[in-house]
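Chain residues, written in single-letter form:
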Amino acid sequence: MDSSVEVPVCFAFLRKLRAKVAQSSVLELERFHATHPRFIPENLMTTYSAADTSVDQLKTRIQNHQARVGIIGLGYVGLPLALLYSEQKFRVTGFDIDARKVDTLAKGGSYIYRIAAEEVQAAKTNGFEATADFSQLTAMDAIIICVPTPLNEYHEPDLSYITDTTHSIAPHLRAGQLVVLESTTYPGTTEEVMIPILEKENKSGLKAARNEAFTGKEFFVAFSPEREDPGNTTVARRDIPKVVGGLNPQASELAGALYGSIFNRTVPVSSPAVAEMTKLLENIYRCVNIALVNELKLLCLRMGIDIWEVIEAASTKPFGFHPFYPGPGLGGHCIPVDPFYLSWKAKEWDFRTRFIELAGEINTNMPYHVLASVASALNRHKKSLNGSRVLVLGVAYKKDIDDLRESPSLTIIELLQKDGAQVSYHDPYFPFIGKGRKYDLQMKCAELKDLGQYDCVLIVTDHSDYDFPTIVREAKLVVDTRNATRGIENAKIVRC
Ligand SMILES: NC(=O)c1ccc[n+]([C@@H]2O[C@H](COP(=O)([O-])OP(=O)(O)OC[C@H]3O[C@@H](n4cnc5c(N)ncnc54)[C@H](O)[C@@H]3O)[C@@H](O)[C@H]2O)c1
């Protein structure tokens, strides 16, 4: 066969196709590509978006739920967000370096207790996919980053997850894409850390859009903090207003449209730094107020006053008071960690954040207070901590969630063990505690029966599943760090 005839025909066809590509909606093209993969070569599928990069077009695609959304980091924040976009019929691709998570999602499973496998399966029917292949980022219109931001062993920000992710995005970046950071971090991270990497390492000399002139060689950047409250079922996720700070007005507009399609209200702020600082203010406010109430609890214990009764009475004030509650110490990925991102950054400005440091000191001391309370309660029963059998009830950092990160229970278990106690634990959410960032406990969940075998039952997390009257009835001694036994009068109970 004479191929000289076929080649020009093929080019003409491709030229027509290219014109059609520029006019068609992304969804139409993708549907066509899915059924006729031969007719649209892969390279065309990835170039359609580059040809279609004007801000208005991207905004329209977002508003029509036709934009492709890539979510990097499929953890407690990223996976629910991916499902939320998918529910709204966006085609979502999740990216994670954890092969176990990618495999589980590919099989239609879930690894987060409060997310049912059925939700993942429903998302899959809407086109949700999970992958570790970052080259697929090029096909995304918007990329949202939800990776961890812990502290390192010196209690300083560990930005390695953000920088690693940014290095992975840069080679696949294309003009007109919107990149949003959601990970909690200090003000300046988006502009000082993320953007320089994206600008330096992308292959096309693209720059972050800083003014309104879109030349076709820019990408858009915004910061939008996550505001989830794990375990709180009183506020629907979409009712939590979403703060958005774009690097330029167009980035704000695009990010506002992106979040406006799944949240009922977006709150635009003037820059990524303002959005970054907003999140820190929210968490520092909690951290400082929890420290205040923890300190007052210690005083009330000495004075023989019930702090819980005091808080309840103060809460009747219809203005100017918001209740915070004492506990065994801070836990979770956010409150014990985030404030120190700001303390660290403040040093660059020759500034000491004394409230944060004082709050940190008080909150960090709470597990030691619990240890002393258990020792003193056992002492009253003529027993020493050394050799006593202690059952820790609840290891999650707060009630009714499956999150162990920074949980005070872990510190308390370790402190009890160091003083010679024989420690067991029970938690309906954790059949086993293995190795974490700081601990390597290797403990198996005990059965919640024969409570009389323990010298002390220590309530650290007040999960709703626990039947506290029965626990008090069966135990020899109960030390309660959460006021879980409120309303139960029994000499066995020590509230601490
Ligand atoms: N969990 C919360 O309730 C909550 C609430 C508000 C804000 N935040 C913030 O959101 C961010 C994410 O928190 P989270 O609780 O979802 O964390 P997580 O540990 O549950 O999930 C993070 C995910 O990112 C993945 N990951 C790590 N490095 C990666 C990389 N280089 N590329 C791709 N994936 C990578 C991990 O494998 C993990 O699946 C943090 O900054 C946190 O402070 C969390």
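Before reading further, recall that the structure is shown in the block above.
Notes on the structure follow.

A short note on the pattern of salt bridges
Step number 1: This structure, assessed with the given rule, holds 18 salt bridges.
Step number 2: Of the charged contacts, one joins Glu226 and Arg237 as a salt bridge, the two residues approaching to 2.9 Å between their closest N and O atoms. With Glu226 in the loop between strand E7 (218–223) and strand E8 (242–246) and Arg237 in the loop between E7 and E8, the pair connects residues that are 11 residues apart, well separated along the chain.
Step number 3: With a relative accessible area of 6%, Glu226 lands in the buried category.
Step number 4: Bridged by salt links that share partners, the residues Arg61, Asp141 and Arg174 form one connected network.

A word on the side chain of Asn248
Step number 1: In this fold, Asn248 is placed in the loop between E8 and helix H10 (249–260).
Step number 2: With near-sequence residues (within four places) excluded, Asn248 lies in contact with Ala209, Arg210, Asn211 and Phe220.

Examining the site of the ligand
Step number 1: What surrounds the ligand is a group of 27 residues, the closest being Val77, Asp96, Lys101, Thr149 and Arg405.
Step number 2: The separation between an oxygen atom of the ligand and a polar side-chain atom of Lys101 is 2.8 Å.
Step number 3: Thr149 is positioned with one of its side-chain polar atoms (N or O) 2.6 Å from an oxygen atom of the ligand.
Step number 4: When the free accessible area of the ligand is taken as 830 Å², the share hidden by the protein chains comes to 93%.
Step number 5: Sort the elements by how many residues they give to the shell around the ligand and helix H8 (residues 160–169) lands first, with 3 residues.
Step number 6: Residue composition of the shell around the ligand, by class: 12 nonpolar, 7 polar and 8 charged.

Comments concerning the packing of aromatic side chains
Step number 1: If you walk through the whole model with that rule in mind, you get 10 aromatic pairs.
Step number 2: Ring centres 4.7 Å apart and planes at 75° place the aromatic pair Tyr113 and Tyr429 in the edge-to-face group. With Tyr113 in the loop between helix H6 (99–106) and helix H7 (117–125) and Tyr429 in the loop between strand E11 (422–426) and strand E12 (432–435), the pair connects residues that are 316 residues apart, well separated along the chain.
Step number 3: Residue class for Tyr113 comes out exposed when judged on its relative accessible area of 57%.
Step number 4: For the pair Tyr466 and Phe468, a centre-to-centre distance of 5.9 Å together with 70° between the ring planes defines the contact as edge-to-face. For the pair Tyr466 and Phe468, a shared accessibility class is recorded, and that class is buried.
Step number 5: Taken together, Tyr186, Tyr341 and Trp344 form an aromatic cluster joined through their ring pairs.
Step number 6: Lys242 extends its terminal NZ or CZ atom over the ring of Tyr259, reaching a point 4.4 Å from the ring centre.

Rules used throughout
Residues numbered from 1 in each chain as written. Predicted model: local features only at pLDDT ≥ 70, side-chain atom pairs only at ≥ 80, totals over all residues. Heavy atoms only, no water. Salt bridge = Lys/Arg side-chain N within 4 Å of Asp/Glu carboxyl O. Helix = DSSP H or I, 4+ residues; strand = E, 2+ residues; numbered from the N terminus. Buried < 20%, exposed > 50% of the residue type's maximum accessible area, 1.4 Å probe, protein only. Contact = heavy atoms within 4.5 Å. Near = heavy atom within 4 Å. Polar contact = N/O pair within 3.5 Å; in protein donor to acceptor, adjacent residues only side chain to side chain. Areas by Shrake-Rupley, 256 points an atom, 1.4 Å probe, with all protein chains shown as cover. Nonpolar A, V, L, I, M, F, W, Y, C, P; charged D, E, K, R; others polar. Phe/Tyr/Trp six-rings, centres within 6.5 Å; stacked < 30°, edge-to-face > 60°. Lys NZ or Arg CZ within 6 Å of the ring centre and 35° of its normal.

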